[in-house]
Amino acid sequence: MKTLEMPRLSIKTQTFATIGAVIAAVLLPQILHLVGAVSGMGTALGETFLPMHLPIILVGLLAGPYAGAIAGMISPLLSFAVTGMPGAAMLPFMMIELFVYGLLAGLLRTKSMPTIVKVLAVQIGGRVIRAVAICFAVYVIGSNKIPVSIIFSSIRVGLIGLLLQWALIPLIIYRVEDAARHEG
């Protein structure tokens with residue numbers, strides 16, 4: 001697979017990108033939860049639009065695997081500490097899934113393929129690892145805190161969020177790369 005000539009980002013840039021992604025991954029769900037509370041939909045909007053996923057995939061694609069993986073691991077933990085969301089039963093699985101999203105997106109950053117393909121690969125990889133973690137928790141450890149059925153129901157419920165990621169992430173990446181081309 002060919003790689004793209006992408007500039008190496010400084011540690012400072014990667015750090016700021018990671019912090020920005022963590023902030024976005026904590027704030028975006030809260031905005032949707034607020035709208036959900038006002039509209040009477042509760043947390044359904046967060047489950048539908050998957051707002052934590054977007055900044056994590058983006059930071060991986062823009063700043064690399066370290067920024068993506070760290071932001072993916074920290075965001076759900078910080079969100080839980082500040083807001084109590086995601087719920088305690090889902091927290092480890094969200095941390096695993098978002099860690100994988102950020103790591104895979106970062107590893108694909110320099111690969112020469114359409115951004116939509118990168119996003120799809122990241123989504124599949126993250127969801128597969130999350131499914132394995134859930135099955136491990138239920139069937140090996142014997143946890144009864146989360147049902148295995150959540151694996152498929154979360155995909156069905158989050159389909160709009162997945163589609164939004166297909167539309168928004170390639171557009172954002174294009175705009176960032178276009179701005180960088182015109183700058184340099």
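Below is a short write-up of the structure. (Residues numbered from 1 in each chain as written. Predicted model: local features only at pLDDT ≥ 70, side-chain atom pairs only at ≥ 80, totals over all residues. Heavy atoms only, no water.)

### A look at the packing of helix 6 (residues 115-141) against helix 7 (residues 150-157)
- Where helix 6 meets helix 7, the axes come as close as 10 Å, and the angle between the chain directions of the two elements is 150°. Taking contact as the criterion, the partners of Arg 127, Arg 130, Ala 131, Ile 134 and Cys 135 in helix 6 are, on helix 7, Ile 150, Ile 151, Ser 154 and Ile 155.
- In the contact of helix 6 with helix 7, the residues fall into 6 nonpolar, 1 polar and 2 charged. (Axes fitted to C-alpha atoms, helices over the stretch in contact; angles between N-to-C directions. Helix = DSSP H or I, 4+ residues; strand = E, 2+ residues; numbered from the N terminus. Contact = heavy atoms within 4.5 Å. Nonpolar A, V, L, I, M, F, W, Y, C, P; charged D, E, K, R; others polar.)

### Brief notes about a nonpolar patch on the surface
- Among the surface-exposed residues, Ile 96, Ile 116, Val 117, Leu 120, Ile 124, Val 128, Ile 129, Val 132, Leu 159, Leu 163 and Trp 166 lie close enough to one another that they form a single nonpolar patch of about 860 Å² accessible area.
- Of all elements in the fold, only helix 6 and helix 8 (159-183) reach the threshold of two or more residues within the nonpolar patch.
- Counting residues per element, the nonpolar patch draws most heavily on helix 6, which supplies 7 residues.
- Inspection of the secondary structure assignment puts Leu 163 in helix 8. (Patch = residues over 30% accessible without salt bridge, like charges linked within 9 Å, V, L, I, M, F, W, Y side chains within 5 Å. Areas by Shrake-Rupley, 256 points an atom, 1.4 Å probe, with all protein chains shown as cover. Salt bridge = Lys/Arg side-chain N within 4 Å of Asp/Glu carboxyl O.)

### Quick notes on helix 3 (residues 53-63)
- Counted residue by residue, helix 3 has 10 buried out of 11 residues, so it is predominantly covered.
- Phi turns positive, to about 105°, at Gly 64, one or two residues after helix 3. (Buried < 20%, exposed > 50% of the residue type's maximum accessible area, 1.4 Å probe, protein only.)

### A word on the layout of surface pockets
- In this model, the largest pocket occupies a volume close to 490 Å³.
- What lines the largest pocket is a set of 23 residues, among which Gly 46, Glu 47, Pro 86, Met 90 and Met 94 lie closest to the centre.
- Breaking the lining of the largest pocket down by element, the ones donating at least two residues are helix 1 (11-39), helix 2 (44-49), helix 5 (91-108), helix 6 and helix 7.
- Counting residues per element, the lining of the largest pocket draws most heavily on helix 7, at 4 residues.
- Looking at the lining of the largest pocket, its residues break down into 10 nonpolar, 9 polar and 4 charged. (1 Å grid on protein atoms, 1.4 Å probe; cavity = no way out; pocket = protein on both sides within 12 Å on 5 of 7 lines; lining within 4 Å. Points joined across faces, edges and corners; volume = space filled by probe spheres on them.)

### As for the pattern of salt bridges
- According to the stated counting rule, one finds 3 salt bridges in the structure shown.
- Put simply, Glu 97 and Arg 130 hold a salt bridge, and the shortest N to O gap is 3.4 Å. A residue pair is termed long-range when its members are at least 10 positions apart, and Glu 97 in helix 5 and Arg 130 in helix 6 qualify at 33 residues.
- Looking at Arg 130, the relative accessible area reads 4%, which means it is buried.
- Via salt bridges that share partners, Glu 97, Arg 127 and Arg 130 belong to a single interconnected network.

### Side note on unusual backbone geometry
- Across the junction of Met 85 and Pro 86, the peptide omega takes the value 0°, indicating a cis bond.
- Residue placement: Pro 86 occurs in the loop between helix 4 (65-83) and helix 5.
- You will see that Leu 50, though not glycine, has its phi angle at about 50°, which is positive.
- By secondary structure assignment, the location of Leu 50 is in the loop between helix 2 and helix 3.

### Observations regarding helix 8
- Taking 1.5 Å of rise per residue, the 25 residues of helix 8 would be expected to cover 36 Å, and the 36 Å separating its terminal C-alpha atoms lies within 8% of that figure.
- By the burial criterion, the buried members of helix 8 are Gly 161, Leu 162, Gln 165, Ile 169, Ile 173 and Asp 178. (Expected span 1.5 Å × (residues − 1).)

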